[in-house]
Number of protein chains: 2
Amino acid sequence: MGVREVVNGKPDVNEPMCPSRLVLEHVTSRWGVLVLAALMERSYRFSELRRTIGGVSEKMLAQTLQTLERDGFVHREAQPVIPPRVDYWLTGLGKEAAEQVWALARWTERRVPAVQAARADYDRAREGTVTN
Amino acid sequence: MGVREVVNGKPDVNEPMCPSRLVLEHVTSRWGVLVLAALMERSYRFSELRRTIGGVSEKMLAQTLQTLERDGFVHREAQPVIPPRVDYWLTGLGKEAAEQVWALARWTERRVPAVQAARADYDRAREGTVTN
DNA sequence: CTGCATCCTTACCGATACTG
DNA sequence: CAGTATCGGTAAGGATGCAG
């Protein structure tokens, strides 16, 4: 498998782009990563998940959950009670996705120091040649 | 490592967010993934890379390469000739990043059929209850 | 050839108000 | 509690023109 398979076959048209790219965007999206990570441990209710993640608006959490549910990563179970109670948990496919994304997140976390060092070098080199 | 470490410690302020999240966004960005994938095989010149990836504007490719260079993933070598010749290749850190992202991309690719099936189910269930 | 600068459109996302 | 609907600020990103 090469690069060409990952890109949309039609560069000029403004089409949806390749399917795998869409899935990748869903699971690596800002809140998608955090939702998958949280649900790795256990199931959550909506507000509970919102509090756990922190900093996510209702709108974005609902949107993220819907996308992940539609992709088959998250199962949603709404109980017809008052007040409403809705639980979310990972499907088998979702657990796989979460593990993959989590692996990438862990690698990223480990390498942050190296990246920050590289940035410092890069910025220092720029400082010397531009203004001075 | 839990979810809280991945999120910004200050949900209310509009600060840069946690460092690992930024790195994650760089390597999983639309063009970042493709650049890393392309450079896994060999080094490329700018326009050569542009043609190989396909569908990327000059602006976005330059921007992506700068970000990846600053993060220490890509090395840039500009030769002072006319016409200019600039080559890009992966650093050791970049090769690691590329492998990680590539693993995720491969998993995604493999699971696309399952996701599409899930979407079909989801959409079919919605069709029946909304309009009809 | 390899960029950088500018304009301009789009689409994301947060805030707010409202529903069942 | 668990969402939906709408508005608006902002930033991503494509197109174009110009420079080294």
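- Per an unreviewed UniProt entry, chain A goes by the name Transcriptional regulator and belongs to Streptomyces purpureus.

Comments concerning the packing of aromatic side chains
- Under the defined criterion, the tally for this structure stands at two aromatic pairs over all chains.
- Residues Phe73 of chain A and Trp107 of chain B carry aromatic rings whose centres are separated by 6.3 Å and whose planes lie at 35° to one another, so their mutual orientation is tilted. Remark: Trp107 of chain B occurs in helix H5 (residues 92–130) and Phe73 of chain A occurs in the loop between helix H4 (58–70) and strand E2 (74–79); the pair is interchain, linking two chains. Just as Phe73 of chain A is buried, Trp107 of chain B falls in that class too.
- Across from the ring centre of Tyr44 of chain A, 3.9 Å away, lies the NZ or CZ of Arg42 of chain A, which sits over that ring.

Focus on the protein's contact with DNA strand C
- Near DNA strand C you find 16 residues, and of these Lys59 of chain A together with Ser47, Gln66, Arg76 and Tyr88 of chain B are the closest.
- The share of sugar and phosphate among atoms of DNA strand C within 4 Å of the protein is 57%.
- Between DNA strand C and Lys59 of chain A there is a distance of 2.2 Å, counted from a base oxygen to a side-chain nitrogen or oxygen.
- Between Ser47 of chain B and DNA strand C, the recorded distance is 2.3 Å, taken from a side-chain N or O atom to a phosphate oxygen.
- Mapped onto the surface near DNA strand C, the elements with two or more residues apiece are H4 of chain A together with helix H3 (46–53), helix H4 (58–70) and strand E3 (85–90) of chain B.
- Here the surface near DNA strand C gets three residues from one element, more than from any other, and that element is H4 of chain B.
- Within the surface near DNA strand C, the residues separate by chemical class into eight nonpolar, three polar and five charged.

Some details on the protein's contact with DNA strand D
- Close contacts around DNA strand D come from 16 residues, with Ser47, Glu58, Arg76 and Tyr88 of chain A together with Lys59 of chain B the closest.
- Among the atoms of DNA strand D lying within 4 Å of the protein, the sugar-phosphate backbone contributes 57%.
- Within the side chain of Arg45 of chain A, an N or O atom sits 3.0 Å from a phosphate oxygen of DNA strand D.
- Within the side chain of Ser47 of chain A, an N or O atom sits 2.8 Å from a phosphate oxygen of DNA strand D.
- Of all the secondary-structure elements, those providing two or more residues to the surface near DNA strand D are helix H3 (46–53), H4 and strand E3 (85–90) of chain A together with H4 of chain B.
- Looking at the surface near DNA strand D, its residues break down into seven nonpolar, three polar and six charged.

What counts as what
Residues numbered from 1 in each chain as written. Chains lettered and ligands numbered in written order. Predicted model: local features only at pLDDT ≥ 70, side-chain atom pairs only at ≥ 80, totals over all residues. Heavy atoms only, no water. Phe/Tyr/Trp six-rings, centres within 6.5 Å; stacked < 30°, edge-to-face > 60°. Helix = DSSP H or I, 4+ residues; strand = E, 2+ residues; numbered from the N terminus. Buried < 20%, exposed > 50% of the residue type's maximum accessible area, 1.4 Å probe, protein only. Lys NZ or Arg CZ within 6 Å of the ring centre and 35° of its normal. Near = heavy atom within 4 Å. Polar contact = N/O pair within 3.5 Å; in protein donor to acceptor, adjacent residues only side chain to side chain. Nonpolar A, V, L, I, M, F, W, Y, C, P; charged D, E, K, R; others polar.

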